[in-house]
Each structure stands twice: as C-alpha cells, then as structure tokens.
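Each chain, written out:
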Amino acid sequence: MLKIGQYQFESRLFLGTGKYPDYDIQKQAVEQSQTEVLTFSVRRMNIFDPSLPNFLEKIDPEKYTFLPNTAGAKNAEEAVRIARLAAASGRCDMIKVEVIGCDRTLLPDPVETLKATEELLKQGFTVLPYTSDDVVLARKLEEAGAHAIMPGASPIGSGQGVINPLNLSFIIEQSNVPVLVDAGIGSPADAAYAMELGADGVLLNTAVSGAEDPVKMAEAMKLAVHAGRFGYEAGRIPKKDYAVASSPEEGISVRN
Amino acid sequence: MNLVINGNSMELGDEVSSVTMLLEHLGLAEKPLIIEHNQDILQKEHYRQVMLENGDTLEIVHFVGGG
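The name recorded for chain B in an unreviewed UniProt entry is Sulfur carrier protein, from Salinicoccus halodurans.

If you check an unreviewed UniProt entry, chain A appears there as Thiazole synthase from Salinicoccus halodurans. Under the Function (unreviewed entry) heading, UniProt states for chain A: "Catalyzes the rearrangement of 1-deoxy-D-xylulose 5-phosphate (DXP) to produce the thiazole phosphate moiety of thiamine. Sulfur is provided by the thiocarboxylate moiety of the carrier protein ThiS. In vitro, sulfur can be provided by H(2)S."

Below you can see the structure in the form of structure tokens.
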C-alpha cells in the first residue's frame, strides 16, 4: 500500500496522459496498466470549437485520482497559479510541481521548485515536486513538507532509464516520504530497476504512449513495477566477483 | 461589450452579462473547465453571480493530456 498524504493506492504505477495515438488506445492502455493515478496538464480551452473531444470524457473520472502538473510554469509564481486553477476543477488537491528551468534538457529549476512547494504546502495542497536527482534538494523538499519526492530517472521523454542509480539510492535511503521515480523511464527493465532500488512508485508517460503497442506496454509496465517491488521486498543477493556453484560440490559420481 | 478571452479579443452583446451566460453563449456550459476572471480564479458555484464588464479578461482552461 502506497500512502501519499491522505491518499492510499494499491498500484505503484502512475500514468501520464499525453501523446497517445488516439483516445481509444489510451483508454485501453490506462485500463491495462491498472493505475489509480493519472496526470494531466492545464491548458487553454479552444473556445471556438467546443466540440473537440477531451480524454476526460472517455474515462470514468471517479475511478482515478487526478494528479495535475504545473507544466508550462517557468517560476514558482506561475506554478502556484496553475495549481490553483487545477484545484478549482474541484477534482483534487494533489499537485505535481513541475517548474522547468532549461528548455533544452527540460530539467527542473531547483530554486523555483522549492519555492513553489513551500507556497503550495502553505495553501493546503498535497504536493509532489518533480525534481532532479539532487540528494540535498530532495532532503530540503522533504523538510519543507512535500508529501512525496519525484526525482527524474533521466530527462523527460528521453527514455534513457535510470542514469544515476547512486543518487537515486541516496534519495530513497534518506527519505521518510514516498519517492516516485518520474521521467526518463524507457522500458519495463528501467521501471523494474527503479523499483528494485527501493522507489515507492514510478510515474511514466512516453514509455507507454510512444510504444509501438501502448496497450501491451501498459501491461508490461504494470508487471515490471510489480516485479521490481517484489524483488526489492524479497532482498536480492549481493554481487560477487567470482562464481559460486549452485550445485553441491560433495558426492559427485565418477567412474573409478 | 469587448472581452479578452484566452488572449482573443471578442465583441459580445450586452445580454451576455454573467459568466454563466458567457459559457452558454460559447456552447461550453456542459464542459469541465476552469475560469479565471480578471486574474481571479472562480469557484463553479459563483459563475452565476460574476458579472462581466467591458474590458474584462478571462482565461478558460481545462485538463489536457500531460505527464
């Protein structure tokens, strides 16, 4: 059971809702993933064409907890405004703080992320900041009161997987709130690895929406997150430099 | 009456006097959306009471796919 603030989830896989080929595939992928948390962005509505469909009309919103993000914000003030807009939907008080500080790498702005986190906590939000894999920043976000820490595995949408497992392990070790690995996951192996390192959950989007078969990949990610979590709980063997035989060395039958 | 909605300047009849009437006029009454009126984020239950005036700015936003 994953607990974030007042929320509890069976599933440790959080799914983004961007860039699917179409809404039917997306709906099937979301169902197959068995996720309980969907992320969204807040954007201007096309007021000239109200007939444009929206993914929210395709799913039963009561079945999911919404985790809107503040993507598009360049500073804390903009992030707080987007969070308040999202909350005015009346659907959720959880917010993924996302303040991008570099357009090319889409890496988060650490100073503004911390500021936005502090302000949104004051305003009563359940705050999940997307952060780099900086160990000290992760600690400061937790000290500020963040309900979970969401370090990136690698740059958003890059599919490079966990590029700094050491930092991620440090963050996981020091944190008393859930750590969700967010961004950069490319394959089920990446998701399983993040979970084996001890992450409490994984948030991914492009790895599923951009897969050749998003529905099958959604199921693969569900299984990978399970496998990684079980592996972590079961406790893997230590790595050794040399071979250690699995079969008994006594009683080998030979011809005399 | 001139309103600036999502950055677009729009000329509307004076009968579109409240936020609720504006949404009906735009065909958005049933849509899940969020409104900011002159930089003030509105709660749904206040749409009927919020009156529009010439020069007001509105942002009409909603949830879209994102990670």
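More follows now that the structure is in view.
Describing the pairing of strand β4 (residues 37–44) of chain A
Among the eight residues of β4(A), six are classified as buried, and the element is accordingly described as predominantly covered. As paired elements, strand β3 (residues 13–15) of chain A and β4(A) share two bridges and run parallel to each other. Following the sheet pairing, A:Phe14 is matched in β4(A) by A:Val37. Examined bridge by bridge, β4(A) and strand β5 (residues 65–68) of chain A share four bridges and lie parallel to one another. Each residue of the ladder has a partner; that of A:Val37, found in β5(A), is A:Thr65. Pairing geometry for β4(A) and strand β5 (residues 57–65) of chain B, over five bridges, is antiparallel. Looking at β5(B), one finds that A:Phe40 is bridged to B:Gly65.

What about the nonpolar core?
Residues A:Ile95, A:Leu120, A:Ile185, A:Leu204, A:Val208 and A:Met221 are the most contacted members of the largest nonpolar core, which totals 64 residues. It is helix α2 (residues 76–87) of chain A that contributes the most residues to this core, seven residues altogether. Apart from residues no more than four positions distant in its own chain, A:Ile95 is found in contact with A:Leu67, A:Pro68, A:Asn69, A:Thr70, A:Ala83, A:Ala86, A:Leu120, A:Phe125, A:Thr126, A:Val127 and A:Leu128. Listed in part, the 21 residues of the second largest apolar core include B:Met10, B:Leu12, B:Val19 and B:Tyr47.

Some words on the UniProt feature "active site" (unreviewed entry) in chain A
UniProt tags A:Lys96 as "active site" (unreviewed entry). Relative to the helices and strands, A:Lys96 resides in strand β6 (residues 94–97). Leaving out residues up to four positions away in the same chain, A:Lys96 has contacts with A:Leu67, A:Pro68, A:Asn69, A:Thr70, A:Leu128, A:Tyr130, A:Met150, A:Asp182, A:Leu203 and B:Gly67.

Section: the side chain of A:Thr17
Its location among the elements puts A:Thr17 in the loop between β3 and α1 (23–33). The exposure class assigned to A:Thr17 is buried, which follows from its relative accessible area of 4%.

Details of the UniProt feature "binding site: 1-deoxy-D-xylulose 5-phosphate" (unreviewed entry) in chain A
Residue and element names in this part refer to chain A. The UniProt record marks Gly-157, Ala-183, Gly-184, Asn-205 and Thr-206 with the feature "binding site: 1-deoxy-D-xylulose 5-phosphate" (unreviewed entry), using the residue numbering of this structure. On the basis of their most widely separated C-alpha atoms, the annotated residues across 50 residues gather in one place, lying no more than 9.1 Å apart. In this view, Ala-183 contacts Tyr-130, Gly-152, Ala-153, Ser-154, Ile-156 and Leu-203; residues no more than four positions away in its chain are not counted. According to the relative accessible area criterion, Gly-184 is buried, its value standing at 4%.

Examining the interface of chain B and chain A
With 26 residues of chain B at the interface, the matching set in chain A holds 31 residues. Buried surface at the junction of chain B and chain A, both sides included, amounts to about 2,600 Å², of which 62% is carbon and sulfur. On the chain B side of the contact with chain A, B:His62, B:Phe63 and B:Gly67 bury the most area, a combined 29% of that side's loss. Put simply, chain B and chain A have three salt bridges between them. Taking the shortest distance from any N to any O, the salt bridge between A:Glu57 and B:Lys31 comes out at 3.3 Å. On the surface where chain B and chain A come into contact, there are 14 residue pairs in polar contact (both at pLDDT 80 or more). Among the secondary structure elements, those contributing two or more residues to the side of chain B that touches chain A are β2 (8–11), β3 (34–37) and β5 of chain B.

Some points on helix α4 (residues 135–144) of chain A
Residues and elements named next belong to chain A. What α4 keeps buried is the set Val-135, Leu-137, Ala-138, Leu-141 and Glu-142. When α4 is viewed along its axis, its buried side chains cluster within an angular range of 165° and face the same direction. Turning to α4, the residues buried within the fold contact α3 (110–122), β7 (126–131) and α5 (165–174). A distance of 3.1 Å separates the backbone nitrogen of Val-136 from a side-chain oxygen at the start of α4, and that oxygen is part of Asp-134. After α4 finishes, the residue Gly-145 shows a positive phi value of roughly 115°.

Considerations on the pattern of salt bridges
Residue and element names in this part refer to chain A. A full pass over the atoms with the stated rule returns 11 salt bridges over all chains. Of the charged contacts in the structure, one is a salt bridge between Lys-96 and Asp-182, with a shortest N-O distance of 2.9 Å. Highlighted residues: Lys-96 in strand β6 and Asp-182 in strand β9 (residues 180–182), separated in sequence by 86 residues. Across this residue pair, the class does not change: Lys-96 and Asp-182 are buried. Between Glu-112 and Lys-115 there is a salt bridge, with the nearest N and O atoms lying 3.1 Å from each other. Taken together, the residues Glu-112 and Lys-115, both in helix α3 and three residues apart, mark about one turn of the helix. Taking the relative accessible area as the measure of exposure, Glu-112 reaches 15% and is therefore buried. With a relative accessible area of 44%, Lys-115 lands in the partly exposed category.

Analysis parameters
- Within each chain, residue numbers correspond to sequence positions counted from 1 in written order.
- Note on labels: chains are lettered from A, ligands numbered from 1, in written order.
- Only residues with pLDDT of at least 70 get local features here, since the model is predicted, and only at 80 or more are side-chain atom pairs given and counted; chain-wide, interface and lining totals rely on the full set of residues.
- Side-chain figures throughout are based on the complete set of non-hydrogen atoms in the structure, without hydrogens or water.
- UniProt positions are given in the numbering used here, feature names are shortened, and annotations may be inferred rather than shown by experiment.
- Three labels apply to residues, based on accessible area from a 1.4 Å probe with only protein chains included: buried if under 20% of the type maximum, exposed if over 50%, partly exposed otherwise in between.
- By definition, any uninterrupted DSSP run of H or I lasting at least four residues is a helix, any uninterrupted run of E lasting at least two residues is a strand, and each is numbered from the N terminus.
- By definition, two strands form a pair when at least two bridges between them are found by DSSP.
- Only buried Ala, Val, Leu, Ile, Met, Phe, Trp, Tyr and Cys residues count toward a nonpolar core, and they belong to the same one when joined by side-chain atoms within 4.5 Å.
- Contacts between residues were defined by any pair of non-hydrogen atoms, one from each residue, lying within 4.5 Å.
- By convention, the term buried area covers the 1.4 Å-probe accessible surface removed from two parts as they join, with the contributions of both added.
- The term salt bridge refers to a pairing of a side-chain nitrogen on Lys or Arg with a carboxyl oxygen on Asp or Glu at a separation within 4 Å.
- In the analysis that follows, any N or O atom pair within 3.5 Å is treated as a polar contact, provided that within protein one partner can donate a hydrogen and the other can accept it, and provided that, for residues neighboring in sequence, both atoms belong to side chains.
- Note that the arc is computed from the directions linking the helix axis to the C-beta atoms.

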